[in-house]
Amino acid sequence: MLDLLITHATLPDGRTDMAVAVQDGRIVEVSAGLNATAHDTLDAGGQLLTPPFCDPHFHMDATLSYGLPRVNQSGTLLEGIALWGELKPLLTEEALVERALAYGDWAVAKGLLAIRSHVDTSDPSLLPVRAMLEAKKRMAPYLDVQLVAFPQDGVLRSPGGLDNLKRALDLGVDVVGGIPHFERTMSDGAASVKLLCELAAERGLPVDMHCDESDDPLSRHIETLACETQRLGLQGRVNGSHLTSMHSMDNYYVSKLIPLIAESGVSAVANPLINITLQGRHDTYPKRRGMTRVPELMAAGVTVAFGHDCVMDPWYSLGSGDMLEVAHMGLHVAQMTSQAGMRQCFDAVTVNAAKVMGLASYGMEAGKDASFVLLQARDPIEAIRLRATRLKVWRKGRLLSEMAPATARLSLPGREENPL
Ligand code: FE2
């Protein structure tokens, strides 16, 4: 007898009336004509059953700290970095763990079950690193967290930056990070990309770098990242986060750059909510959007995912862990309004994000983890349009969260109920 059988589900690829069978935390069959008995059965009623949302770019050490010790007045990336610097001496391990756990609760309720979080390695105490390792351990039974060693103050620009980053990796941080556009010079930035890729190659680790997060059309670190990826044989293990300078680059140069990125196997993560908020701040009018060239990268075969980046922290005052809100913003900023484009935006917060994170057991097929979300929507486009209610969230066959369907009761004669 099966543990769980879900019937009459719609899948993200458009298949309808599908049954999903679960045994021992894994999907054992996905088919149209499945006839079996199970301890638990659920009729999905034609609603969308999707693999969980994944966030490939987040900062869990800064989340839910909005207003501490003050609010970012200018709204710029650089004031955010300065503000984080003011907050760091006031941090305690307990408070960081508590805020991360609180965010983990939000994430699970939103069907977000895998998060790649950058963690600041700049301080020699490595307090945020130790706190996030503890939070990761405590959330492991219900949330997959990957940690990226992120030298917020610049691995070359800050004293001891490289040593602190290596010590974070020694403690068990999973991925090598970087911030080349924040180093002192363009050549220091390029040098940081080279040495961090070499470090990742030596240790057999993936790379995920904040790269070219600026409006500077001449910021060229993604070119170096793609080149180093090929030189060191790191194809498939490297991600460039943000890449916002590509928005402002010369079109001729980009016509050379995008094929180089595709050839190198480097993936890209845009952070639509944050890019549209932080970029273009030095512009008068017209103001640049600042998000990287998502549809063009996708068309060239580059894996592109969307990240949340920030929730209620020195850089961003809003957010709730809702990756459909992220997809919604990405769709608008990139003008991906075709049917195919809207579905690609759904992929950007599900399957593409899982690919960036290297999640091998992810997907709606036999043999994969029985982790999925039942949405109050009939397809991925409706899910984005409504930022659909997460009716049920399972991880490895275990039900983690339930939410009542969103329904308005109208005080209009003869039209009392309005199913959303
Ligand atoms: Fe970030």
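Residues numbered from 1 in each chain as written. Predicted model: local features only at pLDDT ≥ 70, side-chain atom pairs only at ≥ 80, totals over all residues. Heavy atoms only, no water.

1. Examining the coordination of the iron ion
For clarity, the threshold we go by: Distances up to 2.8 Å from the metal define which N, O and S atoms are donors, and 3.2 Å serves for Na, K and Ca; water is absent from the atom set, so sites may look incomplete. Square planar and octahedral assignments, for four and six donors respectively, both demand that opposite donors be over 155 degrees apart and that all other angles lie between 65 and 115; tetrahedral needs four donors with all angles between 85 and 135 degrees, and anything else is irregular. Under the scheme used here, helices are H or I runs from DSSP no shorter than 4 residues and strands are E runs no shorter than 2 residues, and both carry numbers assigned from the N terminus. Accessibility here uses a 1.4 Å probe with only protein chains present; expressed as a share of the type maximum, an area under 20% marks a residue as buried, one over 50% as exposed, and anything in between as partly exposed.
Those donors, H57 (NE2), H59 (NE2), H210 (NE2) and D309 (OD), are the protein atoms that reach the iron ion, and they lie 2.1 to 2.4 Å from it. In this structure, the iron ion is coordinated by 4 donor atoms arranged in irregular fashion, with angles at the metal of 86 to 178 degrees. Mapped onto the sequence, the residues coordinating the iron ion show the spacing H-x1-H-x150-H-x98-D. Taken together, the residues H57 in strand β6 (residues 53–58) and H210 in strand β10 (residues 207–211) connect sequence positions 153 residues apart. Side by side, H57 and H210 carry an identical accessibility label, which is buried.

2. Side note on empty space enclosed by the protein
This is how it is decided: Cavities and pockets were defined on a 1 Å grid built over protein atoms only: a cavity is a set of grid points that admits a 1.4 Å probe from which the probe cannot escape, a pocket is an open set flanked by protein on both sides within 12 Å along at least five of seven lines, and lining residues are those with an atom within 4 Å of any such point. Grid points are joined across faces, edges and corners, and a volume is the space filled by probe spheres set on the points. Residues are grouped as follows: Ala, Val, Leu, Ile, Met, Phe, Trp, Tyr, Cys and Pro are nonpolar; Asp, Glu, Lys and Arg are charged; every other residue, Gly included, is polar.
Inspection of the entire model under this criterion finds 2 cavities of 30 Å³ or more. Considered as a void within the structure, the largest cavity measures approximately 100 Å³ in volume. Of the pockets and cavities examined, the second largest cavity occupies roughly 30 Å³. If you go around the second largest cavity, the residues you meet are H59, D61, A62, W84, D120, F150, Q152 and W315. Residues that form the lining of the second largest cavity fall into these classes: 4 nonpolar, 2 polar and 2 charged.

3. Topic: the pattern of salt bridges
In plain terms, the rule: The rule for a salt bridge is simple: a side-chain nitrogen of Lys or Arg has to be within 4 Å of a carboxyl oxygen of Asp or Glu.
Applying the stated criterion to the full structure yields 21 salt bridges. A salt bridge links R70 to E79; the shortest N-O distance between them is 2.9 Å. Since its relative accessible area comes to 30%, R70 is described here as partly exposed. For D170, the salt bridge is made with R203, and the minimal N-O distance between the two is 2.8 Å. Residue D170 is located in helix α4 (residues 161–170), and its partner R203 is located in helix α5 (residues 186–203); the two are separated by 33 residues in the primary sequence. Of the residues examined, D170 reaches a relative accessible area of 56% and is grouped as exposed. One network of salt bridges, in which partners are shared, links K194, E198, E228 and R231.

4. What about the sheet that holds strand β1 (residues 2–9)?
The test is simple: A strand pair is defined by DSSP finding two or more bridges across the two strands. Axis angles are defined between N-to-C directions and span 0 to 180 degrees, where every axis is a line fitted to C-alpha atoms and, for a helix, only to the segment in contact.
Taken in spatial order, the 4 strands line up as β3-β2-β1-β4 in an open sheet, and their pairing is mixed. Lying at the two open borders of the sheet, with one neighbouring strand each, are β3 (26–31) and β4 (38–43). When strand polarity is set aside, the average angle formed by the axes of neighbouring strands in this sheet is 15 degrees. Note that β1 and strand β2 (residues 18–23) share 4 bridges and pair antiparallel. Each residue of the ladder has a partner; that of L5, found in β2, is A21.

5. What about the domain arrangement of the protein?
Inclusion rule: Domain ranges listed in this record stem from an automatic or a database domain assignment. Only heavy atoms enter the contact rule, under which two residues are in contact if any of them lie within 4.5 Å. Simply put, the buried area is the total loss of 1.4 Å probe accessible area from both parts when two parts are fitted together.
On domain assignment, one finds that the protein holds domain 1 (2–51 + 363–402) and domain 2 (54–357). Each of domain 1 and domain 2 was reduced to a C-alpha centroid, and the two centroids are 30 Å apart. Tallying the contact residues gives 19 residues for domain 1 and 23 residues for domain 2. Summing both sides of the interface, domain 1 and domain 2 together bury roughly 1,700 Å²; the carbon and sulfur share of this comes to 66%.

6. Some details on unusual backbone geometry
The omega torsion across L68 and P69 is -10 degrees, close enough to zero to call that bond cis. For P69, the location among the structural elements is in the loop between β6 and α1 (77–87). Residue R387 is not a glycine yet carries a positive backbone phi of 45 degrees. Relative to the elements of secondary structure, R387 occurs in the loop between α14 (380–386) and β15 (390–395).

7. Things to note about the packing of aromatic side chains
How we decide: Two rings from Phe, Tyr or Trp (for Trp, the six-membered ring) form a pair when their centres are within 6.5 Å of each other. A pair whose planes differ by under 30 degrees is stacked, one over 60 is edge-to-face, and the rest are tilted. For a Lys NZ or an Arg CZ to count as sitting over a ring, it must be within 6 Å of the ring centre and within 35 degrees of the ring normal.
Going through the model one piece at a time under the given rule, you end up with 5 aromatic pairs. With 6.3 Å between their ring centres and 50 degrees between their planes, W84 and W315 make a pair best called tilted. Of this pair, W84 sits in helix α1 while W315 sits in the loop between β13 (304–306) and α11 (323–333); the two residues are 231 residues apart in sequence, bridging distant segments of the chain. The residues W84 and W315 share a single accessibility class, namely buried. Aromatic pair F372 and W394: ring centres 5.3 Å apart, planes at 65 degrees, arrangement edge-to-face. On the criterion of sequence distance, the pair formed by F372 in strand β14 (residues 372–375) and W394 in strand β15 is long-range, its members being 22 residues apart. Taking relative accessible area as the criterion, F372 reaches 0% and is therefore assigned buried. Ring pairs connect the aromatic residues F58, Y103 and W106, which therefore count as one cluster. Against the face of Y285 rests K287, its NZ or CZ located 4.9 Å from the ring centre.

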